[in-house]
Amino acid sequence: RASDVLAREGVIRLVWDHIRADGNGTGGDNPLDGGVVYDLWGRSAVPAVDWFAPSQPPGDWRRLSLAPSHKIRDDGRVLLMPAEGAVTTWPETPHGAPWAFKLRIGNRNGFFSPFSEEVVLFDGRLPSAPKAVRQGWLPSGRAFLTWSVPDSVGVPTLTRYEAQCNDRLGWLPSEGAGMRLELDRALPPGPARCRLRAVNAVGPGPEAVVAFQVLG
């Protein structure tokens with residue numbers, strides 16, 4: 001999914017790695033000659049039951065775009081074309097529905113590589129940041145966080161929250177969409193800063209931050 005484009009209902013935008021300019025994987029065709037294409041296919045997909053109740057069976061695979069990896073201008077300059085695609089999902093499927101995608105490479109002789117692994121993405125909108133994040137202490141000395149529901153839970157509905165504190169990189173998930181999360185370890189003494197975000201099937205939304213002091 002294109003992470004630099006704001007997700008919204010009705011459209012899924014995708015990005016992928018550019019083809020290598022040495023022609024590896026293109027059947028010997030040089031991408032710089034303008035004959036190599038990205039062949040993007042997709043279909044509506046049936047998700048896990050706890051994500052979304054499908055209103056129709058999965059769709060058939062179909063080509064969404066066939067776009068050159070490079071383009072030669074009239075002056076002979078070679079342009080690297082965007083490695084991206086988009087599908088308009090509404091009104092074919094409801095907002096919040098999942099779609100499956102796969103990609104392959106073609107050359108000027110009409111030969112195609114095998115398809116990539118399928119990836120399933122959800123049409124929808126990210127939730128906004130949790131509100132009124134507060135920190136408290138358990139009798140064990142571990143911290144916990146509480147918060148209020150975001151102004152927007154996004155589409156489809158929230159599945160969980162995640163917290164990350166400045167003592168480690170990983171995100172700690174909540175159990176379901178409740179509004180309390182207990183840290184799984186004691187924080188080291190000193191200034192602490194924890195980030196909290198809401199997550200739905202589209203992905204994680206923006207973060208809220210709470211800062212506090214851990215006594216030694």
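Structure: above.
Since the model is a prediction, treat every value here as computed from it, not as a measurement.

**Q** For this particular structure, what's the right way to read the overall build of the protein?
**A** In terms of regular secondary structure, the protein is built from 0 helices and 15 strands. Residue burial in the protein is summarised as follows: out of 216 residues, 41% are buried. Taking contacts inside the protein between residues at least 6 apart in sequence as the whole, the part at least 24 apart equals 61%. For the protein, the accessible surface area stands at approximately 11,900 Å², while carbon and sulfur atoms represent 53% of it.

**Q** Sorry, what's going on with the side chain of R197 here?
**A** In this structure, R197 sits in strand 14 (residues 190–200). Among the polar contacts made by the side chain of R197, one reaches the side chain of E162 at a distance of 2.8 Å. Sequence-distant contacts of R197, defined by excluding residues within four places in its chain, comprise P130, Y161, E162, W171, P204, G205, P206 and E207.

**Q** I tried to follow the sheet that holds strand 2 (residues 37–44) on my own but got confused; where do I start?
**A** Strands belonging to one sheet form pairs held by backbone hydrogen bonds; the direction of such a pair is parallel or antiparallel. A sheet is described by the order of its strands in space; here 4 strands give the open sequence 3-2-7-8, paired in antiparallel fashion. Since the sheet does not close on itself, it has two edges, and those belong to strand 3 (62–68) and strand 8 (119–122), each with one partner. Here the strands of the sheet are splayed against their neighbours by 30 degrees on average, with no regard to which way each runs. Sheet topology note: the strand 7 (residues 98–106)/strand 8 ladder contains 4 bridges and is antiparallel. Note on strand 8: the bridge partner recorded for A100 is V120.

**Q** Can you help me understand the side chain of K102 in this one?
**A** Mapped onto the fold, K102 is located in strand 7. If we ignore the near neighbours within four places in the chain, the residues touching K102 are D39, L40, W41, W61, F115, S116 and E118.

**Q** Hey, could you run me through the sheet that holds strand 9 (residues 131–137) in this one?
**A** Spatially, the 3 strands line up as an open sheet ordered 9-10-13, and their pairing is antiparallel. The outermost strands of the open sheet, each flanked by one partner alone, are strand 9 and strand 13 (180–182). On average, each strand axis in the sheet is inclined to that of its neighbour by 20 degrees, with strand direction left out of account. Direction of pairing for strand 10 (residues 143–148) relative to strand 13: antiparallel, over a ladder of 3 bridges. Paired with F144 across the bridge in strand 13 is E182.

**Q** Explain the pattern of salt bridges here, please?
**A** Note that side chains of opposite charge can pair when their charged atoms are close. This model, assessed by the stated rule, comprises 11 salt bridges. Across the salt bridge formed by R185 and D184, the nearest N and O atoms sit 3.0 Å from each other. The closest approach of N and O atoms between E207 and R195, which form a salt bridge, is 2.9 Å. Of this pair, E207 sits in strand 15 (residues 203–214) while R195 sits in strand 14; the two residues are 12 residues apart in sequence, bridging distant segments of the chain. Residue classification places E207 among the partly exposed positions, given a relative accessible area of 34%. When salt bridges with common partners are traced through the structure, they connect D39, R63 and R104 into a single cluster.

**Q** Would you mind showing me how to read unusual backbone geometry here?
**A** Note: most peptide bonds trans; most residues except glycine with negative phi. A cis amide bond links W90 to the next residue, P91, at an omega of 10 degrees. Residue position: P91 is located in the loop between strand 6 (84–88) and strand 7. Backbone geometry at A132 places phi at a positive 50 degrees, although glycine is not the residue there. Considering the arrangement of structural elements, one finds A132 in strand 9. Note on A132: relative accessible area 39%, which makes it partly exposed.

Quick notes on the rules
Residues numbered from 1 in each chain as written. Predicted model: local features only at pLDDT ≥ 70, side-chain atom pairs only at ≥ 80, totals over all residues. Heavy atoms only, no water. Helix = DSSP H or I, 4+ residues; strand = E, 2+ residues; numbered from the N terminus. Buried < 20%, exposed > 50% of the residue type's maximum accessible area, 1.4 Å probe, protein only. Contact = heavy atoms within 4.5 Å. Areas by Shrake-Rupley, 256 points an atom, 1.4 Å probe, with all protein chains shown as cover. Polar contact = N/O pair within 3.5 Å; in protein donor to acceptor, adjacent residues only side chain to side chain. Pairing = 2+ DSSP bridges. Axes fitted to C-alpha atoms, helices over the stretch in contact; angles between N-to-C directions. Salt bridge = Lys/Arg side-chain N within 4 Å of Asp/Glu carboxyl O.

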